[in-house]
Amino acid sequence: MITDHLSDLVRQALERAAAEGAFSPDGAPEIEFERPRRREHGDWSTNLALGLAKGAGNPRTLAQALAERMPASTLVETVEVAGPGFLNFHLSPGWLYDVVTRAADEGSAFGRADSGSGTEVNIEYVSANPTGPINVVSGRHAAIGDAIANLLAAVGCEVTREHYVNDAGGQLKLFGESIGTHYLRHFGVEAELPDDGYKGAYVADLADEIVQEIGDELVEATPEERTAGLLELGLVRMLARSRTTLERFGTHFDVWTLERSLHESGAVETALARLGDRGYAEEREGALWFKATDLGDDKDRVLVRSNGAPTYLASDVAYFVHKFDRGFDRLIYLLGPDHHGTVARMFATAEALGYERDRVEIHLVQVVTLSSGGTTLKASKRAGVVVALNELMDEVGVDAARYTFLTRAMESPLEFDIELVKQQAPENPVFYVQYAHARICSILRRADEEGIRTGAAGAPLDRLVHPSETELMRKLAAYEEVVPEAAHLRAPQRIARYIEELAGAFSAFYRDCKVISEDDELSAERLKLCVATKRVIGDGLGLLGVTAPERM
């Protein structure tokens, strides 16, 4: 990144200034850069002198001393002192040509960083109850989780993608009873759905599949045995369907953890004992309570009910231990907006177990409102009105669905307009970006057919001077800032916004500059700019889990 190069120059200037007595250093200062608001103020600026001069002299004088001692660089045209002591760097065209050369080179790792090197991160997302099809809300979770994982890997983190299956608890019992109702009806036995049971047609279909496998084997069983048996058979099928849907969507988890496994392995019991040993669990009226108020929660929470049944919180406690015992430095959770009440509880749990709170991140992904033709589609899994992710993929395609889920910050609700997403027009962002990539591929094919080659590595690019070429090169340069920033902020929507702007800059370049002309030298340089743009658009789409088509 250019800011790394500028930091090196400033450090050398500081060393020279200190050696010559221009100022007395107090430790190694942190050098930060930002882009000036106005282009005439340079490409990058630092207020380092203002911080260094506090109580020790005039910052403008110090800034001038640093500017005078700044080493020469082929990437820097001028360094000027501005205002009370800012150092403004005006970069040379060589900087932009270097950007193009590196961006066009497949082996350059352009847009990658090492800020997360050595950090092992576990990110858990989707983690929907296996009581219904993967729906569009889970689809947004999947797209965001995948993109954040990709961004973290792009800055050097070792990332494990995890899916937690809530296959224990009251909702699962209701699901088993709901399957049982349809199972009995198949054999002419009158049966009513339980209160708050699952009413979707998929439940009846599931029961029919089970009938095909086991026949009437469970008709005469006790209600408890029937529910347990049908639930087991139903879960196997629902998990298989979930995996198939998510794989089709392009979501691949490294680990699937079953809540039940935490109970069966004794992990829950061990984790609760650990809470007790640390003084954060106590018995009251026959139940086991988590003393969450000691750690900032608004009330204490039940871990094990008086009837001996553990709560979801008991599993969460064990799951924290299970994850940290696997050596992760940081845990990231993507949860639904209905989990806002559990955030303080989860932080309290981590601290109670002896882990630092800042090793845990919890993000609440807001809802998706699906509309078509001006009509809003409402969904309820339990009522049987489910907008399945498979249906959405059938309607708009995987790429369009993924990209649209990533156009807004996860903290903001998303309105998904099916009709707009299906349009093959500039108003549809994913079409606009993918079309730019396909157009560049078409240009490169034509150049290859005509025997025109891009500039070789190290070849000059000094004829790229048109304002549209300069703007495109500047936009390419920004990619090295956008990726680390998006990773740090867990903000994949910034990548979407960036590649849309890059596609726009390319469109202006294509409009204003004839790429393939009778001037072979200029054609080669412009083709290299095309290659660089193609690679960055393709890489940005890849971080979002979206394909980069070569033809459209």
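Residues numbered from 1 in each chain as written. Predicted model: local features only at pLDDT ≥ 70, side-chain atom pairs only at ≥ 80, totals over all residues. Heavy atoms only, no water.

J.: Please set out the overall build of the chain residue by residue, giving values where relevant.
T.: Across its full length, the chain carries 19 helices and 14 strands. In terms of overall dimensions, the chain has C-alpha extents of about 90 × 65 × 40 Å along its principal axes. Across the chain, the fraction of contacts at a sequence separation of at least 24, relative to all contacts at a separation of at least 6, is 72%. Of the roughly 25400 Å² that the chain leaves accessible, carbon and sulfur atoms contribute 47%. Treating the 58 positive side-chain charges of the chain as one cloud and the 87 negative ones as another, the clouds have centres 4 Å apart. (Helix = DSSP H or I, 4+ residues; strand = E, 2+ residues; numbered from the N terminus. Contact = heavy atoms within 4.5 Å. Areas by Shrake-Rupley, 256 points an atom, 1.4 Å probe, with all protein chains shown as cover. Lys, Arg positive; Asp, Glu negative; His and termini not counted. Charge placed at Lys NZ, Arg CZ, Asp CG, Glu CD.)

J.: So, helix H11 (residues 312-324): which residues are in play, and what are the values?
T.: For H11, built from 13 residues, the straight-helix expectation of 18 Å at 1.5 Å per residue is met to within 8% by its first-to-last C-alpha distance of 19 Å. Most of H11 is tucked away, with ten of its 13 residues classed as buried. Among the residues making up H11, those that are buried are Leu313, Ala314, Ser315, Val317, Ala318, Tyr319, Phe320, Val321, Lys323 and Phe324. (Expected span 1.5 Å × (residues − 1). Buried < 20%, exposed > 50% of the residue type's maximum accessible area, 1.4 Å probe, protein only.)

J.: Summarise the domain arrangement of the chain; cite the residues concerned and give the values.
T.: Annotation of the chain at the domain level lists domain 1 (2-92), domain 2 (170-249) and domain 3 (428-544). Computed from C-alpha coordinates alone, the two centres of domain 1 and domain 3 are separated by 32 Å. (Domains from an automatic or database assignment.)

J.: Please give an account of the environment of tryptophan 289 that cites residues and values.
T.: Note on placement: tryptophan 289 falls in strand S8 (residues 287-290). Considered as a pair, tryptophan 289 and leucine 303 are 14 residues apart in the sequence and their alpha carbons are 5.3 Å apart. Not counting chain neighbours up to four residues away, the residues in contact with tryptophan 289 comprise Tyr280, Ala281, Glu282, Arg284, Asp300, Arg301, Val302 and Leu303.

J.: Talk me through empty space enclosed by the protein; I want residue IDs and the actual numbers.
T.: Enumeration according to the criterion identifies two cavities of 30 Å³ or more in this entry. In this structure, the largest cavity occupies an estimated 50 Å³ of space. Every residue lining the largest cavity is counted, ten residues in all, and those nearest its centre are Ala128, Asn129, Pro130, Ile134 and Ser242. Considering only residue class, the lining of the largest cavity consists of five nonpolar, four polar and one charged. If you go around the second largest cavity, the residues you meet are Met1, Ile2, Arg35, Trp44, Trp95, Ala477, Glu480 and Glu481. Among the elements that make up the lining of the second largest cavity, the one with the highest residue count is helix H17 (residues 467-489) (three residues). The residue makeup of the lining of the second largest cavity, split by class, is five nonpolar, no polar and three charged. The two domains that each donate at least three residues to the lining of the second largest cavity are domain 1 (2-92) and domain 3 (428-544). (1 Å grid on protein atoms, 1.4 Å probe; cavity = no way out; pocket = protein on both sides within 12 Å on 5 of 7 lines; lining within 4 Å. Points joined across faces, edges and corners; volume = space filled by probe spheres on them. Nonpolar A, V, L, I, M, F, W, Y, C, P; charged D, E, K, R; others polar.)

J.: I'd like to hear about the layout of surface pockets, residue by residue, with values.
T.: Reported here for the second largest pocket is a volume of approximately 740 Å³. Glu481, Val482, Pro484, Glu485 and His488 are, among the 26 residues lining the second largest pocket, the residues nearest its centre. Every element with two or more residues in the lining of the second largest pocket is listed here: H17 and helix H18 (493-512).

J.: Could you give an account of the sheet that holds strand S7 (residues 281-284), naming the residues involved and the relevant values?
T.: Strand order across the open sheet formed by three strands is S7-S8-S9, with antiparallel pairing between neighbours. The open sheet has two edge strands with one neighbour each: S7 and strand S9 (301-304). With direction set aside, neighbouring strand axes in the sheet form an average angle of 45 degrees. Sheet topology places S8 next to S9; three bridges connect them, and they run antiparallel. Bridge pairing in S9 places phenylalanine 290 opposite arginine 301. (Pairing = 2+ DSSP bridges. Axes fitted to C-alpha atoms, helices over the stretch in contact; angles between N-to-C directions.)

J.: So what's going on with the pairing of S7? Which residues, and what values?
T.: Strand direction decides the pairing type here: S7 and S8, joined by four bridges, are antiparallel. Residue glutamate 282 lies in a different strand from S8, and its bridge partner there is tryptophan 289. Hairpin connection, S7 to S8: the antiparallel pair is bridged by two residues, and glutamate 285 has positive phi, about 50 degrees.

J.: Give a detailed account of the pattern of salt bridges, specifying residues and quantitative values.
T.: Throughout the structure, instances matching the rule amount to 38 salt bridges. Salt-bridge contacts for arginine 38 lead to glutamate 40; the nearest nitrogen and oxygen are separated by 2.6 Å. Residue glutamate 40 is classed as partly exposed on the basis of its relative accessible area, which comes to 46%. Members of the salt-bridge network, linked through shared partners, are Glu209, Glu213, Arg237 and Arg241. (Salt bridge = Lys/Arg side-chain N within 4 Å of Asp/Glu carboxyl O.)

J.: I'd like a description of the nonpolar core, backed by residues and values.
T.: If you look at the biggest cluster of nonpolar residues, it comprises 117 residues, and the most contacted ones within it are Leu6, Leu392, Tyr403, Phe405, Phe416 and Leu544. Mapped onto the domain boundaries, this core takes at least three residues apiece from domain 1 (2-92) and domain 3 (428-544). Ignoring any residue separated from it by four or fewer positions in sequence, one finds phenylalanine 416 in contact with Val368, Thr369, Leu370, Ser371, Leu392, Val396, Ala400, Ala401, Thr404, Phe405 and Val421. Core analysis: the next-biggest nonpolar cluster, separate from the first, contains 35 residues, Leu272, Leu313, Ala352 and Val360 among them. (Core = buried A, V, L, I, M, F, W, Y, C linked by side-chain atoms within 4.5 Å.)

J.: Can you explain the packing of helix H4 (residues 93-104) against H17? Please cite residues and give values.
T.: Relative to each other, H4 and H17 sit at 65 degrees, their axes nearing to 9 Å. What the angle tells us is that H4 and H17 run roughly perpendicular. Seen along the crossing, H4 lies across H17 with a hand that is left-handed. Touching Trp95, Leu96, Tyr97, Val99, Val100 and Arg102 of H4 are Thr470, Met473, Arg474, Leu476, Ala477 and Glu480, all from H17. Tallied by class, the residues present in the contact of H4 with H17 amount to eight nonpolar, one polar and three charged. (Parallel < 35°, antiparallel > 145°, perpendicular 65-115°, else oblique. Left-handed = near helix turned anticlockwise from the far one by under 90°.)

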